[in-house]
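Working through the structure, step by step
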Amino acid sequence: MVKEHKNTSVDLADVKCEIGLDTIVFEKNGKKVEFKYNPVYITLNKTGNAIELVPKNTKKRTKAVVNSTEKHIINAIKGLNKEYVYKLAIVYSHFPITVKVEGNEVVISNFLGEKKPRKTKVLAGCKVEIKGRDIIVKGHDKYKTGQTAGNIEKATRVVGRDFRIFDDGCYIVEKAKQE
């Protein structure tokens, strides 16, 4: 039984695209999304207003890389049209937590009564807003936006205490909705 090569094509609509050796950069209205792909398994060709993904062989691993790269391209195009939004809730029962954005860092003060504030980075291309007890993370890159939200959640992880009692922290309550 001979497997056949299946070329996949993704329509770019009105998004500009530059293909490098192992990176793809998408641009629209001054917004940029960039990600790396694996050139060992696939070749990318820009034909007209579409990107064609050409697998180099018929193995399972290559098919997986083609499908993943296709989804990355689709997510990048969607992200340039509408921002991805993650919502986090600030929860505390013992000490009131104060969350502030300072430059490219989120500073969490008075977490479980700690004197030293906890800090986490905001990845490039993401915006963090704090509205009352909600933290809203927005960005055009789905993966960087999700990682920033995850970093905020991880910064308030409770270690060495009973998590059923100490439920304080910042928790993701809504994932990757597009506005």
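Please read all numbers here as calculations on a predicted model, not as lab measurements.

**A short note on the overall build of the protein**
On a plain count of helices and strands, the protein comes out with two helices and 13 strands. In terms of overall size, the protein is more extended than a compact globule, its C-alpha atoms giving a radius of gyration of 20 Å where 179 residues would be expected to give roughly 16 Å. Taken along the three principal axes of its C-alpha coordinates, the protein extends 65 × 40 × 25 Å. By the burial criterion, 36% of the 179 residues in the protein qualify as buried.

**So, the pattern of salt bridges**
Proximity of charged atoms lets side chains of opposite charge pair with each other. Using the criterion set out here, one finds eight salt bridges in the structure. A salt bridge links glutamate 83 to lysine 127; the shortest N-O distance between them is 2.6 Å. Taken as a pair, glutamate 83 in the loop between α1 (60-81) and β7 (84-91) and lysine 127 in strand β11 (residues 126-131) lie far apart in primary sequence, 44 residues in all. Given a relative accessible area of 14%, glutamate 83 falls into the buried group. The closest approach of N and O atoms between lysine 131 and glutamate 129, which form a salt bridge, is 3.8 Å. Assessed through its relative accessible area of 28%, glutamate 129 is described here as partly exposed.

**Quick notes on the state of the cysteines**
All chains considered together, the criterion is met by zero disulfides. Sulfur of cysteine 126: no disulfide; nearest cysteine sulfur belongs to cysteine 170 and is 16 Å away.

**Side note on helix α2 (residues 142-155)**
With 14 residues, α2 should reach 20 Å at 1.5 Å per residue; the first-to-last C-alpha distance of 20 Å fits that figure. Of the residues making up α2, those classed as buried are Thr145, Gly146, Thr148, Ala149, Ile152 and Ala155. Of the residues flanking the start of α2, the one acting as N-cap is aspartate 141, its side-chain oxygen 3.1 Å from the backbone nitrogen of tyrosine 143.

**Points about the side chain of threonine 120**
Relative to the elements of secondary structure, threonine 120 occurs in strand β10 (residues 118-121). We classify threonine 120 as buried; its relative accessible area is 10%. Here threonine 120 is in contact with Asn104, Glu105, Val106, Asn151, Ile152 and Ala155, once residues within four sequence places are set aside.

**Remarks on unusual backbone geometry**
You will see that alanine 13, though not glycine, has its phi angle at about 60°, which is positive. Locating alanine 13 in the fold gives a position in the loop between β1 (8-11) and β2 (16-19). Judged by relative accessible area, which is 40%, alanine 13 ranks as partly exposed. The backbone of asparagine 110 sits at a positive phi, close to 60°, despite the residue not being glycine. With respect to the secondary-structure elements, asparagine 110 resides in the loop between β9 (105-109) and β10.

**Brief notes about the environment of glycine 48**
Along the polypeptide, glycine 48 turns up in the loop between β5 (42-47) and β6 (50-55). Residue glycine 48 is classed as exposed on the basis of its relative accessible area of 68%. Expressed as a C-alpha distance, the spacing of glycine 48 and tyrosine 171, which sit 123 residues apart in the sequence, is 44 Å.

About the criteria used
Residues numbered from 1 in each chain as written. Predicted model: local features only at pLDDT ≥ 70, side-chain atom pairs only at ≥ 80, totals over all residues. Heavy atoms only, no water. Helix = DSSP H or I, 4+ residues; strand = E, 2+ residues; numbered from the N terminus. Rg over C-alpha atoms; globule rule 2.2 N^0.38 Å. Buried < 20%, exposed > 50% of the residue type's maximum accessible area, 1.4 Å probe, protein only. Salt bridge = Lys/Arg side-chain N within 4 Å of Asp/Glu carboxyl O. Disulfide = S-S within 2.5 Å. Expected span 1.5 Å × (residues − 1). Polar contact = N/O pair within 3.5 Å; in protein donor to acceptor, adjacent residues only side chain to side chain. Contact = heavy atoms within 4.5 Å.

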